[in-house]
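So you can see what is in the structure, the chains are spelled out below.
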Amino acid sequence: MPVTDKSVAASVRKDDEERVDTVDRWDESHHGKGLIKPPDQLELTEAELKEEFTRILTANNPHAPANIVLYNSKRYRHASVTQMIVHFVVEGSLLHQDSDEARRQKQIGCQPEPPPRSNFSSLANQWVIYDAYMEELQKQERNKEKQKAAPSKKDPDNTKRAVVSTDSHGHDISKVRKAVKIIERMVNQNTFDEIAQDFKYYEDDSDEFRAQEGTLLPLWKFQYDQAKGLSVTALCWNKKYQDLFAVGMGSYDFNKQEHGLLVFYSLKNTAFPEYSYPTKSGILCIDIHEQHSYLVAVGFYDGCVAVYNLNKEGMDAVHKSTAKTGKHTDPVWQVRWQKDDLDNNHNFYSVSSDGRVASWTLVKNELVFTDVIKLSLNGAMSEGTEGSQQPIIACGTAFDFHKEIDYLFLVGTGEGKIHKCSKTYSSHFLETYVAHSMAVDAVKWNHFHPKVFISCSSDWTIKIWDHTINTPIFTFDLNAAVGDVSWSPYSSTVFSAVTIDGTVHVFDLNINKYEAICQPAVMAKKKGKLTRVEFNPIHPIIIVGDDRGYVTSLKLSPNLRKKPKAKKGQELATGPEVEVAKMDKLLSLLQQPENSTA
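What counts, and where the lines are drawn
- Residues numbered from 1 in each chain as written.
- Predicted model: local features only at pLDDT ≥ 70, side-chain atom pairs only at ≥ 80, totals over all residues.
- Heavy atoms only, no water.
- UniProt positions renumbered as here; feature names shortened; annotations may be inferred.
- Core = buried A, V, L, I, M, F, W, Y, C linked by side-chain atoms within 4.5 Å.
- Buried < 20%, exposed > 50% of the residue type's maximum accessible area, 1.4 Å probe, protein only.
- Helix = DSSP H or I, 4+ residues; strand = E, 2+ residues; numbered from the N terminus.
- Phe/Tyr/Trp six-rings, centres within 6.5 Å; stacked < 30°, edge-to-face > 60°.
- Lys NZ or Arg CZ within 6 Å of the ring centre and 35° of its normal.

For the chain, the name recorded in an unreviewed UniProt entry is Dynein axonemal intermediate chain 1, with Scophthalmus maximus as its organism. Turning to the chain, the UniProt record has this under Sequence similarities (unreviewed entry): "Belongs to the dynein intermediate chain family."

Below is the structure:
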């Protein structure tokens, strides 16, 4: 039978379909996957599949209204409708390099100050490492022995937990505490860097045009939140660590006696005190031991005296007088450390309104007192209840010991007199000076000249004395009650005083014998009163305290610490002898009956 083209093509198509079907079944059997069509899928022809449909996409907002009409009194009009929709917004930071902003940013630059560097080298070998481990092991064993030696009777479980905590973390905490304190000082020094630079380097060049005048530059202001409502009643610099000073706080008002505060500030960290000791009674006086700078003697308004040890932990004093151990019955106005006794026991003296000048000795854990002298009004007697006569007690308000003669000291009284006394004679005074018409607020020996001392009072006057003469050699009227006076440690003729009107007075008798060469107002009259002033032992600054609990530091300009100029071809003499000679020259000019009054 003849084979046509149509039959051949049909057979070929059938073979292809069978081949495709075979391949599909092979794929399904090997891969487990196949094309599954839904039974209701629309079947399209080849021509329908190849047909193209054209659609145009526009940016019109399909939700925007198209028939908004605006009306006014003249005509109708169609309003334009925006077709833009914001789906996402991000602000970039790229700038065109030729824009003004890019040019300004290119011109800004800074160079930080490099941190200080130090070279360190050491040798680490087997023996050094072994010694370090053994030393650490011994420290841990000592800590364990200390904790076991003092167990708590009330709660043994808490004691065990405390021992474990201390053994595991105590040493690490001490290291962290020291590191944190160093970081805190660094932060504060960076914060107050301008003041620190002024403290170290600034000198007032305008002093060259003021031959007999000087200025005081304000530096740091020390304040503490817990000191609100308290007055600065005492200031004392640490002789060993010259950046550290103590502040005693209380109140001079009899009706406002609540509590007190003993605070220690450092010039290295002016924002917060280094130590703080709250007290139940107001503090009136403090003194730091010269050799053992961690011992601080304190006198209180309630008549107690106490000794604080900065090396001991806790807020309580290590020694404190009581009624059984001879405490004063009235406020203690002054305390002063003295040389150790023959048994090497520390001792200090105190003076109070009860008329007693007492010596206090630190014997083991006790504070032993001895009455050195009892102040009384000369010639004034009072009759006792049984007909016997008793001396009228004089109120002691200030005292100071001679810098060279150990047994000699001065005592100021509330009656305005100053008594020259001796430790060896308790029955009478060596000399009595009728000094002031009101209470003597301060009396201090000159640091250089053995004959000269200074006194101040609320009667507005400051007087300078030669203790061999019973009349003052200088008298200065400051037109306001004088709170405190202090000799400078670098010159025998320079001293400073503060008055209740907020003024600091700085005198140099070698420049001007009649008036102060600097009298700045540190605070306004209505805001408060200045109470205390002290010179730093080595730095050219003074600190002044007020009745708001603030302490302000001030830097002396060059004219306030001027030294004599050396002549050509001669070396400038220095030392205590030069300062003694300056004061002797002033005394020789005043060898006449009249007193020099300013």
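## Some words on the nonpolar core
The biggest cluster of nonpolar side chains holds 22 residues, and the ones touching the most others in it are Ile462, Ile464, Phe476, Val485 and Phe495. Elements with a minimum of two residues in this core: strand S23 (452-457), strand S24 (461-466), strand S25 (474-477), strand S26 (482-487), strand S27 (494-499) and helix H7 (576-589). Residues Leu219, Phe222, Val232 and Val263 belong to the second largest nonpolar core, which totals 20 residues.

## Notes on the packing of aromatic side chains
Scanning the entire structure with this criterion turns up 25 aromatic pairs. A ring pair is formed by Phe222 and Tyr265, whose centres lie 5.1 Å apart and whose planes are at 50°; its orientation type is tilted. You can see Phe222 sitting in strand S3 (residues 216-222) and its partner Tyr265 sitting in strand S6 (residues 260-266), a full 43 residues away along the chain. For Tyr265, a relative accessible area of 0% translates into the label buried. Members of the aromatic cluster, connected to one another through ring pairs, are Phe474, Phe476, Trp487, Phe495 and Phe507. Lying across the ring of Tyr275, Lys181 places its NZ or CZ 5.9 Å from the centre. The ring of Phe300 is capped by Lys320, whose NZ or CZ atom sits 5.0 Å from the centre of that ring.

## Brief notes about unusual backbone geometry
Of note, the phi angle at Asn344 is positive, near 65°, even though the residue is not glycine. Residue placement: Asn344 occurs in the loop between strand S12 (332-338) and strand S13 (347-352). Taking the relative accessible area as the measure of exposure, Asn344 reaches 60% and is therefore exposed. Its identity is not glycine, yet Lys364 carries a phi of approximately 55°, on the positive side. Take Lys364: it is sitting in the loop between strand S14 (356-363) and strand S15 (366-374). Lys364 gets classed as exposed once you look at its relative accessible area, which sits at 78%.

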